[in-house]
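This is what each chain is made of:
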Amino acid sequence: ASFEAAKQQETLEGQVRTLYYFKDKGGEFTFKHLSEMMIYSANRIPEIADDIVNIDNAMKWGFAWKLGPFETWDALGVAKSVEKMKAAGMSVPAWVEEMLQKGDAFYRLENGVQKYYDPASKAYKPVPLPKGIISLPSLKDQKKVVASNAGASLIDLGDGVACLEFHSKMNAIGDEIISMVNESVDIVSRSFEGLVIANHAENFSVGANLPVILFAAQEEEWDDLDFMVKAFQDSFMRLKYMDKPVVAAPAGMALGGGCEICLAADRVRFAGETYMGLVEVGVGLLPAGGGTKELLIRNTENLFEVAKGGVYPAQIELKPYVARAFENIAMAKVATSGPEAVKMGFLRSTDKMTVNRDYLIDDAKNMVLGMNKEGYVVPRPKTGIRVGGRRLKAVFDVVLWTMKESHFVTEHDVTVSQRVAHVLCGGDVYDGTLVTEQHLLDLEREAFLSLCGQPKTQERIAHMLSTGKPLRN
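What counts, and at which threshold
- Residues numbered from 1 in each chain as written.
- Predicted model: local features only at pLDDT ≥ 70, side-chain atom pairs only at ≥ 80, totals over all residues.
- Heavy atoms only, no water.
- Helix = DSSP H or I, 4+ residues; strand = E, 2+ residues; numbered from the N terminus.
- Buried < 20%, exposed > 50% of the residue type's maximum accessible area, 1.4 Å probe, protein only.
- Contact = heavy atoms within 4.5 Å.
- Areas by Shrake-Rupley, 256 points an atom, 1.4 Å probe, with all protein chains shown as cover.
- Lys, Arg positive; Asp, Glu negative; His and termini not counted.
- Charge placed at Lys NZ, Arg CZ, Asp CG, Glu CD.
- Salt bridge = Lys/Arg side-chain N within 4 Å of Asp/Glu carboxyl O.
- Phe/Tyr/Trp six-rings, centres within 6.5 Å; stacked < 30°, edge-to-face > 60°.
- Lys NZ or Arg CZ within 6 Å of the ring centre and 35° of its normal.
- Expected span 1.5 Å × (residues − 1).
- Pairing = 2+ DSSP bridges.
- Patch = residues over 30% accessible without salt bridge, like charges linked within 9 Å, V, L, I, M, F, W, Y side chains within 5 Å.
- Polar contact = N/O pair within 3.5 Å; in protein donor to acceptor, adjacent residues only side chain to side chain.
- Axes fitted to C-alpha atoms, helices over the stretch in contact; angles between N-to-C directions.

Description of the overall build of the chain
Okay, step 1: In terms of regular secondary structure, the chain is built from 20 helices and 15 strands.
Okay, step 2: Overall size of the chain, expressed as C-alpha extent along the three principal axes, is 80 × 50 × 35 Å.
Okay, step 3: Counting over 473 residues, the chain shows a buried share of 50%.
Okay, step 4: In the chain, 68% of the contacts between residues at least 6 apart in sequence involve partners at least 24 apart.
Okay, step 5: Summed over its atoms, the accessible surface of the chain is roughly 22400 Å², and 54% of this surface lies on carbon and sulfur atoms.
Okay, step 6: Taking the 53 positively charged and 62 negatively charged side chains of the chain as two groups, their mean positions are separated by 3 Å.

Looking at the pattern of salt bridges
Okay, step 1: Enumeration over the complete set of coordinates arrives at 31 salt bridges.
Okay, step 2: Note that Asp234 and Lys230 form a salt bridge whose closest N and O atoms lie 2.9 Å from each other. With Asp234 and Lys230 both in helix H11 (residues 222-240), this residue pair falls 4 residues apart, about one helical turn.
Okay, step 3: On the basis of relative accessible area, Asp234 is assigned to the partly exposed category, the value being 30%.
Okay, step 4: Measuring nitrogen to oxygen at the nearest pair gives 2.8 Å for the salt bridge that ties Glu301 to Arg348. Placement of Glu301 in the loop between helix H13 (291-300) and helix H14 (319-330) and of Arg348 in the loop between helix H15 (338-344) and strand S13 (352-354) is noted, with a sequence separation of 47 residues between them.
Okay, step 5: With relative accessibility at 24%, the residue Arg348 sits in the partly exposed group.
Okay, step 6: Connected via shared salt-bridge partners are Lys240, Lys293, Glu294, Arg298 and Glu437.

Observations regarding the packing of aromatic side chains
Okay, step 1: Counting across every chain of the model gives 11 aromatic pairs.
Okay, step 2: Between Phe232 and Phe236, the aromatic rings sit 4.8 Å apart at their centres with planes inclined by 55°, giving tilted as the arrangement. In this pair, Phe232 and Phe236 both sit in helix H11, 4 residues apart, roughly one turn of the helix.
Okay, step 3: For Phe232, a relative accessible area of 12% translates into the label buried.
Okay, step 4: Exposure remark for Phe236: the relative accessible area of 2% places this residue in the buried category.
Okay, step 5: An aromatic cluster is defined as three or more aromatic residues linked by ring pairs; in this entry it consists of Phe70, Trp73, Trp95, Phe106, Tyr117 and Tyr124.
Okay, step 6: Seen from the ring of Phe31, Lys84 lies directly overhead, with NZ or CZ sitting 4.7 Å from the centre.

Some remarks on helix H18 (residues 411-424)
Okay, step 1: With 14 residues, H18 ought to run about 20 Å at 1.5 Å a step, and its terminal C-alpha atoms sit 20 Å apart, in line with that.
Okay, step 2: When H18 is considered as a whole, its buried residues turn out to be His412, Asp413, Val414, Thr415, Val416, Ser417, Val420, Ala421, Val423 and Leu424.
Okay, step 3: Where H18 is buried, its residues contact H13, H14, helix H17 (389-405), helix H19 (437-452) and helix H20 (455-467).

Focus: unusual backbone geometry
Okay, step 1: Following Ile45, the chain continues into Pro46 via a peptide bond in cis, with omega recorded as 5°.
Okay, step 2: Position of Pro46 relative to the elements: it lies in the loop between helix H3 (25-43) and helix H4 (52-63).
Okay, step 3: Phi at Lys143 takes a positive value of approximately 65°, unusual for a residue other than glycine.
Okay, step 4: Lys143 gets classed as exposed once you look at its relative accessible area, which sits at 74%.
Okay, step 5: We note that His407 has phi near 65°; this positive angle belongs to a residue other than glycine.
Okay, step 6: We classify His407 as exposed; its relative accessible area is 72%.

Focus on the sheet that holds strand S11 (residues 274-277)
Okay, step 1: Pairing in this open sheet of 3 strands is mixed, and the strands run S9-S11-S12 from one edge to the other. With partners counted over all chains shown, the strands left at the sheet margins are strand S9 (252-255) and strand S12 (334-335), one partner each.
Okay, step 2: As paired strands, S9 and S11 are joined by 4 bridges and run parallel to one another. Counterpart to Gly252 in the pairing with S11 is Thr274.

Examining a nonpolar patch on the surface
Okay, step 1: Taken together, the side chains of Val399, Met403 and Phe408 make up a nonpolar region of the molecular surface, amounting to roughly 280 Å² of accessible area.
Okay, step 2: As for its placement among the helices and strands, Met403 is situated in helix H17.

Details of the environment of Lys240
Okay, step 1: Structurally, Lys240 can be placed in helix H11.
Okay, step 2: A residue is classified by how much of its surface remains accessible, and Lys240, at 10% relative accessible area, is buried.
Okay, step 3: If we ignore the near neighbours within four places in the chain, the residues touching Lys240 are Ala264, Asp266, Lys293, Glu294, Ile297, Pro379 and Glu437.
Okay, step 4: Side-chain polar atoms of Lys240 contact the side chain of Glu294, separated by 2.5 Å.

Concerning the sheet that holds strand S10 (residues 267-271)
Okay, step 1: Ordered by their spatial adjacency, 7 strands build an open sheet running S4-S5-S6-S7-S8-S10-S13, and the pairing between neighbours is mixed. The open sheet terminates on both sides in strands that have one partner only, identified here as strand S4 (145-148) and S13. Recorded for the sheet is a direction-independent mean angle of 25° between the axes of neighbouring strands.
Okay, step 2: Bridge count for strand S8 (residues 246-248) against S10 is 2 bridges, and the pairing is parallel. When the bridges of S10 are listed, Ala248 appears paired with Val268.
Okay, step 3: Lying on the sheet, helix H16 (residues 360-374) is in contact with strand S5 (152-158), strand S6 (161-166), strand S7 (194-197), S8, S10 and S13; it crosses S10 at an angle near 160°.

And the structure:
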């Protein structure tokens, strides 16, 4: 029962706290294990480290813990947990009880400065931070929030750069985030030199808000769903063509809509450990926030450079480049690292990596400043995107038929993949037709709505929401 209760918590701190205080076997195990670990850690000061910060960092950096021993203790509530430990006959180090007379936690935020309790001086000291580390909670405490709602906040990073931070559940993109994207575009365009999109959460964003999509589809509220997808597309297009540079800084999972907002940015400063992909096919849908359109553009945008030398552009065969985009979307491929995302075409060679995530936001901020220093040129909407049309779509149809006959894919897999191919090929047009970005967005939205009406797609979404695993129906 403790595991099921912990699963309902949105944060790691909430999950650990639920397990620790739950009265069953799982709770008893968690209580004993964590209590002994935290007491042992407290007794090792100053034997192995002079302060709690170095112990916490050692366990996070060296052993990949999400929270250090003393950060875990804070998450549990120090006073409440000490009381429980004493009731169980455990001996708590004297300096921890001394700390409880001065404060209720090992760490606390004072006027935007993160402080820790130092047993030697019996006082709170500022946590030493190397130059180049930006803390969004610290900036919030310093009243640097420019605008905010339940899903996202716009924060002033200084030097004329703002940061759009997501803080919804799993950073899923819903109405609040879309609203804040539009508000951020207005504010940054008017009052800042550029925008960074980043957060400190474990995952950058896991995509769109599936429960809302499923509810609208089941209630057949097609006009509302169309409006929702159109708002999604329009906000990302505003972001892409804003008159100030935009740098996305993903880390962890950047899936679905989380990937699409990165594709809409001018550049991406990605963490080494970034898992990026357009995974909508896994729930019977396709990327409709501009992701399908952007992946087509990124795979074909450099093909026309040979025209400068006099070679007729139509001589370049689109198929292998469009096929790369089709394979990534139709197979819901996810890059397992930032560099792999570049190889797969989700990111460009101009996008750069930060190995230590602690420096990611500052590196993204410096990238914005560097783009302005270089002379930022506002991009213009593309109107001459060459597509393969009916001829190329027929090639994909044959491939999908072969895979179905060979029992590699289901009939609904074919239906979804055909919609993906339809968008990537520019719709029902002749080979070599030049289309606009808006044309491709309209195809995305039309295909997305048609798939939402499919019972098998609704089954896939419901199964994903209830189990967290894809359904092959």
